[in-house]
Amino acid sequence: MWPKSPKPESRAAALVVALLALPGCIRLDMYNQPRYEPLEASRFYADGRSARQLPAGTVARGTLLEDRAYATGTVNDSTFATELPFALTPELLQRGRERYGIFCSVCHDGTGSGRGMVVRRGYKQPPSFHIERLQQQPAGYFFDVISRGFSTMPSYAASIPIADRWAIVAYLRALQLSQQVAVRNLPEPWRGEIEAAANQAAAGKKEPAGHEHR
């Protein structure tokens, strides 16, 4: 005996329920569409990685640097830039002094002599900026060292923006110059202060032994 066919009302109700559920299923499929999670393996590619390497020469939006000397400190593959890529201003030197104090003085100390605090605690001492070899290096050389590191010094490219690296180079040049300028060539207010301090120091050395200040 054949089972009774469902009533037309029941068939209509079932159809309505199915139609109402259908959009939910479609949305769920779109929400959970096939995809790879970050660093997930893939059997589709021969190297087993789902993330693909960027094409050679890819540059992130907003990071294209067309001025080679500014971006790298070099004018070609074997020559460093000899000058700063922008005008030297008091504001630039002040910025360089601030950045130097934060990133460089811990090793190179405040004068650039290489006796910073971490060196006193055992870190390898860097050469003084005032030796002849470094006095003769072009500006681009120092920018390159800051950017790529040298010997035990790490790269600071990820920590110091390009403009601030150049500001540090400008201040470093000022430090080098400060050790080479004769007192007679300084502006009058500074020359007077230095000469007064020197005279005071000389007078203190001439005091007889046992002299006490009251």
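Anyway, here's the lowdown on the structure attached to this text.

Basis of the calculations
For every chain, the first residue of the written sequence is number 1, and numbering continues from 1 along that sequence. Where totals are concerned, whole chains, interfaces and linings use all residues; where local detail is concerned, this predicted model gives features only for residues with pLDDT of at least 70, and gives and counts side-chain atom pairs only at 80 or more. Note that the side-chain values use all heavy atoms of the structure and ignore hydrogens as well as water. Numbering of helices and strands runs from the N terminus; a helix is a DSSP stretch of H or I covering at least four residues, while a strand is a stretch of E covering at least two. For a helix, the expected span equals 1.5 Å multiplied by the residue count minus one. Here's how the labels work: a residue is buried when its accessible area is under 20% of the maximum for its type, exposed when over 50%, partly exposed in between, all with a 1.4 Å probe on protein chains only. Arc definition: directions from the helix axis to the C-beta atoms. Whether two residues are in contact is decided by their heavy atoms, any of which lying within 4.5 Å being enough. Stacked, tilted and edge-to-face are the three classes assigned to paired rings of Phe, Tyr and Trp, where Trp is represented by its six-membered ring and a pair needs centres within 6.5 Å; plane angles under 30 degrees give stacked, over 60 edge-to-face, the rest tilted. Note on definitions: the grid is 1 Å and covers protein atoms alone; a cavity is a set of points where a 1.4 Å probe fits but cannot get out; a pocket is an open set with protein on both sides within 12 Å along at least five of seven lines; lining residues have an atom within 4 Å of a point. Grid points are joined across faces, edges and corners, and a volume is the space filled by probe spheres set on the points. Just so you know the grouping, Ala, Val, Leu, Ile, Met, Phe, Trp, Tyr, Cys and Pro go in nonpolar, Asp, Glu, Lys and Arg go in charged, and all remaining residues, Gly too, go in polar.

1. A few points about helix 3 (residues 90–103)
The end-to-end C-alpha separation of helix 3 is 20 Å, in line with the 20 Å expected for 14 residues at 1.5 Å each. Every buried residue belonging to helix 3 is among L92, G96, R99 and Y100, and all of these are buried. End-on, the buried residues of helix 3 take up no more than an arc of 105°, which puts them together on one face. Facing away from the buried side of helix 3 by more than 90 degrees, the exposed set consists of P90 and E91. Buried positions along helix 3 lie against helix 4 (105–108) and helix 8 (162–178).

2. Things to note about the packing of aromatic side chains
Within this structure, the stated rule accounts for eight aromatic pairs. Ring geometry for F44 against Y45: centres 5.0 Å apart, planes inclined by 85°, an arrangement best described as edge-to-face. Given a relative accessible area of 31%, Y45 falls into the partly exposed group. Put simply, the rings of F80, F129, Y141 and F142 touch in pairs and so form one group of aromatic residues.

3. As for the layout of surface pockets
Volume-wise, the largest pocket comes out at about 530 Å³. Around the largest pocket, the lining comprises 26 residues; the ones closest to its centre are H108, P126, V145, F150 and M153. Secondary structure elements with two or more residues in the lining of the largest pocket: helix 3, helix 4, helix 6 (132–135), helix 7 (139–148) and helix 8. Of all the elements, helix 7 adds the most residues to the lining of the largest pocket, at four residues. Residue classes in the lining of the largest pocket are distributed as 20 nonpolar, four polar and two charged. Space inside the second largest pocket adds up to approximately 370 Å³. In terms of lining residues, the second largest pocket is bounded by 14 residues, among which Y171, A174, L175, S178 and W190 are the most central. The set of elements that each furnish at least two residues to the lining of the second largest pocket consists of helix 3, helix 8 and helix 9 (188–205). It is helix 8 that contributes the most residues to the lining of the second largest pocket, five residues altogether. Grouping the amino acids of the lining of the second largest pocket by side-chain chemistry returns 11 nonpolar, two polar and one charged.

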